[in-house]
Amino acid sequence: MIYRNRADWLASARKRVLLFGMSGLGKTYLASMLRGSGSGWFHYSVDYRIGTRYMGEYIADNFKREAMKNPFLAELLLSDSVCIESNITFDNLAPLSTYLGKPGSAARGGLALEEYERRQTQHRQAEQAALLDTPYFIRRAEEIYRIPNFVCDSGGSICEVVDPDDPTDPILTALSKNLLMVWIEGSAAHTDELVRRFDRAPKPMYYSPDFLDRKWVQYRVERGRREDEVDPDDFVRWTYRQALDHRQPRYAAMARNWGVTVTAEQVALVRDEKDFISLIAQTLPA
């Protein structure tokens, strides 16, 4: 780890952390709070980087594809009279989620499995590239903006695109050389609440290929559905809790082998930069 002990962290004029864990446990809250503290924190959002640098063209082309189905918009597009692009922000990643989509019946808004898997592969490659961009943004933040402290707000699927038990994993090696990796660990109660939220508004997400293959077959066997009969929302609802359970040991291995752990309960008590620095100090050896 880049900070050998508590004193090293507290004395450092360049505090650099990467937050990881389930979506909805406080990563973006902490990153936004630090960015707005006025104390010189650069906020790097991996999902924002994915949706702008690496998948922005895919997303915009998908919008255009839909617009071309409308004769009025098609004529405007073909004459370069309108410009269609996504408006992704740190707080609104809906264009990325919409492009990723859900597998299942086209009549219910789903994607054919082959197309869905193609977009999943695009996301995996984009996430890996965006994570490897982190050291560049650390340098950029300091050299251009003179911002010494850095917080990387990673996506919930980071554990799916690395091998936390491989000591030579290229992404984790690059990240751990430049930042302190901090797992925000949720409890069973947090997982239950995330499942309840997801059930109210199921959203697209990334799955590792092996996990997706297993669950796609298992779901259709249990429901007795052909691929073109699958309800996309029902599939992602059915899969969500299992996806969280699948990720939990991977997050734990990342923290055990590459970083430190804080709990979601501790994060909920953080109100300012001072609280955050103190919380991280508690995770390091004296």
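Look above for the structure.
Residues numbered from 1 in each chain as written. Predicted model: local features only at pLDDT ≥ 70, side-chain atom pairs only at ≥ 80, totals over all residues. Heavy atoms only, no water.

J.: Residues and numbers for the overall build of the protein chain, please.
T.: Counting its secondary structure elements, the protein chain contains 14 helices and 5 strands. Rg of the C-alpha trace for the protein chain: 20 Å, near the compact-globule value of 19 Å for 286 residues, within the 12% margin. With respect to the three principal axes, the spread of C-alpha positions in the protein chain is 60 × 50 × 35 Å. Looking at the 286 residues of the protein chain, the share that counts as buried comes to 47%. In the protein chain, once contacts between residues fewer than 6 apart in sequence are set aside, the share between residues at least 24 apart is 77%. When the accessible surface of the protein chain is split by element, carbon and sulfur atoms take 49% of a total near 14,000 Å². (Helix = DSSP H or I, 4+ residues; strand = E, 2+ residues; numbered from the N terminus. Rg over C-alpha atoms; globule rule 2.2 N^0.38 Å. Buried < 20%, exposed > 50% of the residue type's maximum accessible area, 1.4 Å probe, protein only. Contact = heavy atoms within 4.5 Å. Areas by Shrake-Rupley, 256 points an atom, 1.4 Å probe, with all protein chains shown as cover.)

J.: I'd love a proper account of the sheet that holds strand β5 (residues 259-263), names of residues and values included.
T.: Either a parallel or an antiparallel arrangement is found when strands of a sheet pair, and the pairing is made through backbone hydrogen bonds. Taken together, the 5 strands give an open sheet; going across it, the order is β2-β3-β1-β4-β5, and neighbouring strands pair in parallel fashion. Edge positions in the open sheet fall to β2 (41-45) and β5, since each of these has one partner strand only. When the angles between neighbouring strand axes are averaged without regard to direction, this sheet yields 25 degrees. As paired strands, strand β1 (residues 16-20) and strand β4 (residues 180-185) are joined by 4 bridges and run parallel to one another. Residue pairing for β4: Val17 is matched across the bridge by Leu180. Against the sheet, helix α8 (residues 134-143) makes contact with β1, β2 and β3 (149-153), and its axis sits at roughly 145 degrees relative to β3, the strand it touches most. (Pairing = 2+ DSSP bridges. Axes fitted to C-alpha atoms, helices over the stretch in contact; angles between N-to-C directions.)

J.: Provide a residue-level description of the pairing of β1, including the pertinent values.
T.: Burial analysis of β1 places 5 of its 5 residues in the buried class, which makes it a mostly covered element. Residue alternation in β1 divides its side chains into two sets, Arg16, Leu18 and Phe20 and Val17 and Leu19, and both sets are buried. Pairing analysis gives 4 bridges linking β1 to β3, with the strands arranged parallel. Bridge pairing in β3 places Leu19 opposite Asp153.

J.: Can you tell me about the packing of helix α3 (residues 46-54) against helix α7 (residues 113-132), naming the residues and giving the values?
T.: Close contact between α3 and α7 brings their axes to 9 Å; oriented N to C, the two are set at 115 degrees. On the basis of the axis angle, α3 is roughly perpendicular to α7. Considering how the two elements wind past one another, α3 and α7 form a crossing that is right-handed. In this structure, α3 uses Val46, Arg49, Ile50 and Tyr54 to contact α7, whose residues at the interface are His123, Ala126, Glu127, Ala129, Ala130 and Leu131. Per-class residue counts for the contact of α3 with α7 are 7 nonpolar, 1 polar and 2 charged. (Parallel < 35°, antiparallel > 145°, perpendicular 65-115°, else oblique. Left-handed = near helix turned anticlockwise from the far one by under 90°. Nonpolar A, V, L, I, M, F, W, Y, C, P; charged D, E, K, R; others polar.)

J.: Which residues make up the environment of Asp245, and what values go with them?
T.: For Asp245, the location among the structural elements is in helix α12 (residues 232-258). Since its relative accessible area comes to 47%, Asp245 is described here as partly exposed. Along the primary structure Asp245 and Ile50 are separated by 195 residues, whereas in three dimensions their C-alpha atoms are 25 Å apart.

J.: Could you give an account of the packing of α7 against helix α9 (residues 170-178), naming the residues involved and the relevant values?
T.: At a minimum axis separation of 9 Å, α7 and α9 run at an interaxial angle of 25 degrees. Considering the angle they form, α7 stands roughly parallel to α9. The hand of the α7/α9 crossing is left-handed. In contact with Gln128, Leu131 and Leu132 of α7, α9 contributes Pro170, Ile171, Ala174 and Leu175. Of the residues assigned to the contact of α7 with α9, the class counts are 6 nonpolar, 1 polar and no charged.

J.: Outline the environment of Leu279, supporting the account with residue identities and numerical values.
T.: On the secondary structure map, Leu279 appears in helix α14 (residues 273-283). Of the residues examined, Leu279 reaches a relative accessible area of 7% and is grouped as buried. Separated by 10 residues in the primary sequence, Leu279 and Leu269 have C-alpha atoms spaced 9.7 Å apart.

J.: Tell me about the nonpolar core, and please be specific about residues and values.
T.: Counting residues in each nonpolar core, the largest one holds 79 residues, and the members touching the most others are Trp9, Phe20, Phe150 and Phe276. Here this core gets 10 residues from one element, more than from any other, and that element is α12. Setting aside residues up to four positions removed in sequence, Phe276 forms contacts with Trp9, Val17, Leu19, Leu30, Met33, Leu34, Trp41 and Val270. (Core = buried A, V, L, I, M, F, W, Y, C linked by side-chain atoms within 4.5 Å.)

J.: Quick one: what's the story with the layout of surface pockets, residue by residue and with numbers?
T.: Taken as a whole, the largest pocket encloses approximately 1,100 Å³ of empty space. Together, 35 residues line the largest pocket, and Ser23, Gly24, Asp47, Leu93 and Lys203 are the ones closest to its centre. Within the residue set of the lining of the largest pocket, elements represented by two or more residues are α2 (27-35), α6 (94-100), α10 (188-200) and α12. The biggest single contributor to the lining of the largest pocket is α6, with 4 residues. Classifying every residue of the lining of the largest pocket gives 16 nonpolar, 12 polar and 7 charged. When its volume is computed, the second largest pocket comes out at roughly 180 Å³. Thr98, Gly101, Lys102, Gly109 and Leu111 are, among the 13 residues lining the second largest pocket, the residues nearest its centre. Those elements giving two or more residues to the lining of the second largest pocket turn out to be α4 (56-67), α6 and α12. When the residues that make up the lining of the second largest pocket are grouped by side-chain class, the tally is 3 nonpolar, 5 polar and 5 charged. (1 Å grid on protein atoms, 1.4 Å probe; cavity = no way out; pocket = protein on both sides within 12 Å on 5 of 7 lines; lining within 4 Å. Points joined across faces, edges and corners; volume = space filled by probe spheres on them.)

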